[in-house]
Amino acid sequence: MQLTLEFGGGLELLSNSVKIHNVNVELKNGAEKLTMKDLLAWVRTNLIKERPEMFMKGDSVRPGVLVLVNDCDWELSGQLDTTLEEKDVVVFISTLHGG
């Protein structure tokens with residue numbers, strides 16, 4: 001499944017300072033759909049190059065990471081159970097900043 005993943009607010013530093021990734025995520029064997037839970041596991045394995053604990057906590061993103069699926073807050077679409085479709089755009093933005 002072709003997806004566009006965008007990282008901002010400092011999260012791009014965890015993936016070699018690349019903000020936008022056009023990726024092809026394979027469905028698990030026998031799976032009919034791709035969920036955000038599946039995508040986060042894929043991102044942790046394939047894109048996050050250092051300090052995955054800054055991006056994820058358990059199976060989800062850390063508190064303070066805003067997730068948008070096609071410009072809609074994932075909290076409105078089911079969070080980890082959100083079903084993704086071909087060519088969706090998923091944005092991860094850290095709202096935590098030093099000061």
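Structural data are supplied above this passage.
Remember, it's a predicted structure, so these values are computed and weren't measured experimentally.

About the thresholds
- Residues numbered from 1 in each chain as written.
- Predicted model: local features only at pLDDT ≥ 70, side-chain atom pairs only at ≥ 80, totals over all residues.
- Heavy atoms only, no water.
- Salt bridge = Lys/Arg side-chain N within 4 Å of Asp/Glu carboxyl O.
- Helix = DSSP H or I, 4+ residues; strand = E, 2+ residues; numbered from the N terminus.
- Buried < 20%, exposed > 50% of the residue type's maximum accessible area, 1.4 Å probe, protein only.
- Pairing = 2+ DSSP bridges.
- Contact = heavy atoms within 4.5 Å.
- Axes fitted to C-alpha atoms, helices over the stretch in contact; angles between N-to-C directions.
- Phe/Tyr/Trp six-rings, centres within 6.5 Å; stacked < 30°, edge-to-face > 60°.

*Asks:* Any chance you could explain the pattern of salt bridges here in plain terms?
*Replies:* Close approach of charged atoms lets side chains of opposite charge pair. With the rule as written, the count across this model stands at three salt bridges. Note that Lys28 is salt-bridged to Asp38, the shortest N-O span being 3.5 Å. You can see Lys28 sitting in the loop between strand E2 (20-24) and strand E3 (34-35) and its partner Asp38 sitting in helix H1 (residues 36-46), a full 10 residues away along the chain. With a relative accessible area of 56%, Lys28 lands in the exposed category. Here Arg51 and Glu53 are joined by a salt bridge, their closest N and O atoms 3.9 Å apart. Owing to a relative accessible area of 48%, Arg51 belongs among the partly exposed residues under this scheme.

*Asks:* Quick question: what am I supposed to make of unusual backbone geometry here?
*Replies:* Negative phi characterises most residues that are not glycine, and trans characterises most peptide bonds. In this structure, Arg51 takes a positive phi of about 50 degrees despite not being glycine. Among the structural elements, Arg51 can be located in the loop between H1 and strand E4 (56-57). In this model, Gln79 sits at a positive phi of 50 degrees, which is unusual for a non-glycine residue. Position of Gln79 among the secondary structure elements: in the loop between strand E7 (72-73) and strand E8 (83-84).

*Asks:* Explain the sheet that holds E7 to me, please; I cannot follow it from the model alone.
*Replies:* For sheets, the rule is that strands pair by backbone hydrogen bonds, running either parallel or antiparallel. The mixed open sheet is built from five strands, whose spatial order is E2-E1-E9-E6-E7. With partners counted over all chains shown, the strands left at the sheet margins are E2 and E7, one partner each. Against the sheet, H1 makes contact with strand E1 (2-8), E2, strand E6 (65-69) and strand E9 (89-94), and its axis sits at roughly 65 degrees relative to E1, the strand it touches most.

*Asks:* How should I be thinking about the packing of aromatic side chains in this particular structure?
*Replies:* Taken as a whole and judged by the stated rule, the model has three aromatic pairs. Consider the rings of Phe55 and Phe92, whose centres lie 5.1 Å apart with planes at 80 degrees: the pair is edge-to-face. One end of the pair, Phe55, is in the loop between H1 and E4; the other, Phe92, is in strand E9, with 37 residues separating them in the sequence. Using a relative accessible area of 1% as the deciding quantity, one classes Phe55 as buried. Feature note: the residues Phe7, Phe55 and Phe92 constitute an aromatic cluster, connected by ring pairs.

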